[in-house]
Amino acid sequence: RALVFFFQTMMVADSWGECIIPLSVRFPFFFWFFGVAVVSVQLGLMNLILTTIVDEAGLAHQRDVEARCREVRQEEEEYVKKL
């Protein structure tokens, strides 16, 4: 039950106040524990999402550079043929 409660609270933020406020009143340490856990989970998820976006942007840039190099080579070959 404790793992389900932790997952519900951290990932889904389901009944956050209902779960944490009574614990924080009785045990103030839990406020800091859950606060650090929430921030860590949220930053971790944001990091995963941003990593995916940045990787895709890098790949798109690389494909664009390669495509431009092919275009330049084709233009050079056409100029050579015209000469």
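Structural notes, computed from the coordinates.

**As for a nonpolar patch on the surface**
Together, Val39, Leu43, Met46, Ile49, Leu50 and Ile53 make up an exposed nonpolar region whose accessible area comes to about 580 Å². Topologically, Leu50 is positioned in helix α3 (residues 28–82).

**A short note on the pattern of salt bridges**
When the charged atoms of two side chains lie near each other, side chains of opposite charge can form a pair. One pass over the full model with this rule turns up one salt bridge. For Glu71, the salt bridge identified is with Arg68, shortest N-O distance 3.1 Å. Of this pair, Glu71 and Arg68 both sit in helix α3, separated by three residues, roughly a single helical turn. Judged by its relative accessible area of 41%, Glu71 is partly exposed. Note on Arg68: relative accessible area 44%, which makes it partly exposed.

**Regarding a negative patch on the surface**
Taken together, the side chains of Glu75, Glu76, Glu77 and Glu78 present a region of like negative charge at the surface. Tracing the sequence through the fold places Glu78 in helix α3. According to the relative accessible area criterion, Glu78 is partly exposed, its value standing at 49%.

**So, the packing of aromatic side chains**
Taken as a whole and judged by the stated rule, the model has five aromatic pairs. Between Phe27 and Phe30, the ring centres sit 5.7 Å apart and the planes meet at 75 degrees, which makes this aromatic pair edge-to-face. Using a relative accessible area of 38% as the deciding quantity, one classes Phe27 as partly exposed. Between Phe31 and Trp32, the ring centres sit 5.2 Å apart and the planes meet at 80 degrees, which makes this aromatic pair edge-to-face. Overall, the relative accessible area of 45% leaves Phe31 in the partly exposed class. Given a relative accessible area of 59%, Trp32 falls into the exposed group. Each member of the aromatic cluster is reached from another via a ring pair, and the members are Phe27, Phe29, Phe30, Phe33 and Phe34.

Reading the values: the criteria
Residues numbered from 1 in each chain as written. Predicted model: local features only at pLDDT ≥ 70, side-chain atom pairs only at ≥ 80, totals over all residues. Heavy atoms only, no water. Patch = residues over 30% accessible without salt bridge, like charges linked within 9 Å, V, L, I, M, F, W, Y side chains within 5 Å. Areas by Shrake-Rupley, 256 points an atom, 1.4 Å probe, with all protein chains shown as cover. Salt bridge = Lys/Arg side-chain N within 4 Å of Asp/Glu carboxyl O. Helix = DSSP H or I, 4+ residues; strand = E, 2+ residues; numbered from the N terminus. Buried < 20%, exposed > 50% of the residue type's maximum accessible area, 1.4 Å probe, protein only. Lys, Arg positive; Asp, Glu negative; His and termini not counted. Charge placed at Lys NZ, Arg CZ, Asp CG, Glu CD. Phe/Tyr/Trp six-rings, centres within 6.5 Å; stacked < 30°, edge-to-face > 60°.

By themselves, these observations are geometric and do not establish any function.
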